[in-house]
Every structure is written in structure tokens, then in C-alpha cells.
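Chain by chain, the residues run as shown.
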Amino acid sequence: MTDPSGVRRGERTTLALLELLVALDEHGSISAAARTLGVAQPTASAGLRALERRLGLDLLARSSRGTSLTETGRVVAAWAADVVDASTRFEDATASLRTTAHERLRVAASLTVAEHLAPRWLAQLAASPARGASPDVELAVRNSREVMDLVLSGEADLGFVESSGVRRGLRSRTVADDELVAVVAPGHPWARRRSVGVPELLGARLVIREAGSGTRDVLEAALARVGEALPPHLPTLGSTVALTSAVVHGGAVTVVSALSVADAVERGTLIRVPVEGIDLGRRLRMVWKDGASLSGSARRLAAVATAGQRSRAR
């Protein structure tokens, strides 16, 4: 039997197609959605066309500038997100039945996430264990490139990264929005400036994170979009604390996560200086190996980490 739209009753839209639509809504392009789900772009495009035919609705607006969601597509994507979330909760609930009191959860996180977000998530996980079982959590703090290496090799169940993209073979989901900010000491000549330009920033006594860090990756990508690049042979340091110490005690300028310096900026020990002409916004992402079967504890941590982002999207 069919309804007036021609769709046979009793048929179910596959979860994979709904995940494609949700990923397109979240990431803004078919190519980004495909990378997130670990599929080829032609496969993603074909899947979205199949979803339109399946539902009998125009979900996508195609133009020379790319593909975006129609108003109907955005409404359907919001409903699809509820279905995907419900599926995640189902998998979490059933996996929790297998959880033992000594399940081991291996997590790798980049510095910003490890210092400012992961402790809260892990505390929530410990406060509400499944059936009274609390996992043994091992948290490795690495830069984003190393985090992805650990997840791809199977040495970490979940990873959290700050980089502008994720490696092939990984799936990802946004857990928080962040931005990079330039900061100086209160006595620096820029402390009273309303803003600086990109050339001024690149010509300053700049200290930055090492290659492989998400902060540096995002900064380099943002500079490339405006036709600029970091000068060669800049001093590089391996932590936010080291960078801000160089700023406070050495008169340097650095670019770091807004999350990591929020308290210092509020206290006035660091001064935030807006940089004109460049977009330094970024997404913090959770990554896991494509095709991997996550444990109950990993699924619960994933649900905790993405809960805030889901609520802001509604």
C-alpha cells in the first residue's frame, strides 16, 4: 500500500541516509559530511539523492557554489538528528548491559580539550555509571595529530581534537565551538589597541604551538584563506602555559584557544587583541575509528561530550 506521495507504507528510511543528512546540516557541505562519515563524496551525493527520492521531498538546493539544505531540508535534518540520537541512546543502553565494573576506557585528547572540557565530562561519566559500574579511564594528552594516530591505531577508543579537519579512516562529531585569540601582557604596546591587522600579527614577536597541534593547524589554515602564511623559524612551545609565560614575562604575542585563556583575560593578566580580516573560529571534535564497535562506557562518554552541542543546535 502507498500513501499519496507514492512511498510504500511499512518501509523504513535507513539510518545511514539520515546520518548523511544530519552531517550535511552540521558541516555545511557534502564533501565535509562525507569526510565526517568516512565515505567517498560520490557515495554521499548518491545517498542524499536517494533520500530525496525515498521521501519525495526537495531537501537540497544545488548551485554553482555548492549544495545546501532547503528550508524543508533543514526541518527534516532536525527530525533526522532526533532519530540518530535515539539510535545512539539505544546502542548505549544495550552496550551498558555488557559493562563490567572494571571496563577500561582509553581516551586521547588535545591540550585544550584535556584541560578545559574532558575533566567535566569524565566527572559526569563517573557520577552516573551504568548499573553501578564505573570504568577505569586512561586519558592521554597529546597534540591533535598524535590523538588521531592513537585512535587510528586502536590505542585509544575515543579522541578529541582541535584541528581543522580529521584524517581518513576516522568519523567525527562536533562537541564544542571555540576560537583562537591573540593575547599580550598588560604592559605590551598592543594592550590598548582596539585591533591589529594580520600583517602586524605576523610581524610581531610571535610564539606559537608546535607542528601537529590543532591550534597551529587552525591558524595556518585561516592564514592560508587570506593569502598569508606564518613566518619561518618562529619559536614553538608545547603547551598553552609555556606560551602565556612567554607573553607575560617575555613581551611576546601568541595565538591560543579562547577557552584556555578565558580566566586570565577575565583577571586582566592577559589582554585579548582582536585580529582584523581573519576568521579564527573552530570546532572541537570527537573522533573514533570508522567501523569500530564502541564500548558502553565510550558511548556514554560520547553522549556526555555531545550533549551541550546538541542542545545549542536546537
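Criteria and thresholds
Residues numbered from 1 in each chain as written. Predicted model: local features only at pLDDT ≥ 70, side-chain atom pairs only at ≥ 80, totals over all residues. Heavy atoms only, no water. Axes fitted to C-alpha atoms, helices over the stretch in contact; angles between N-to-C directions. Helix = DSSP H or I, 4+ residues; strand = E, 2+ residues; numbered from the N terminus. Parallel < 35°, antiparallel > 145°, perpendicular 65-115°, else oblique. Contact = heavy atoms within 4.5 Å. Nonpolar A, V, L, I, M, F, W, Y, C, P; charged D, E, K, R; others polar. Salt bridge = Lys/Arg side-chain N within 4 Å of Asp/Glu carboxyl O. Buried < 20%, exposed > 50% of the residue type's maximum accessible area, 1.4 Å probe, protein only. Arc of directions from axis to C-beta.

**Considerations on the packing of helix α1 (residues 15-27) against helix α3 (residues 41-55)**
Point 1. At their nearest, the axes of α1 and α3 sit 9 Å apart, and the two run at 110 degrees to each other. Between α1 and α3, the angle falls in the class roughly perpendicular. Residues L17, L20, L21 and L24 of α1 form the contact with α3, whose own contacting residues are A44, G47, L48 and L51.
Point 2. Here the residues of the contact of α1 with α3 sort into seven nonpolar, one polar and no charged.

**A closer look at the pattern of salt bridges**
Point 1. Evaluated as defined, the whole model comprises 13 salt bridges.
Point 2. Between R209 and E210 there is a salt bridge; the shortest N-O distance is 2.9 Å.
Point 3. Residue R209 is classed as buried on the basis of its relative accessible area of 5%.
Point 4. Put simply, E162, D178 and R282 are held in one network by salt bridges that share partners.

**Regarding helix α10 (residues 240-250)**
Point 1. Along α10, the residues that are buried comprise T240, L243, T244, A246 and V247. The arc that holds the buried residues of α10, viewed along the axis, is 150 degrees, so those residues lie on one side. Turned more than 90 degrees off the buried face of α10, the exposed positions are V241 and H249.
Point 2. Looking at the buried side of α10, the elements it contacts are α5 (111-116), β6 (170-184), β8 (206-209), β9 (236-237), β10 (253-257) and α11 (258-267).

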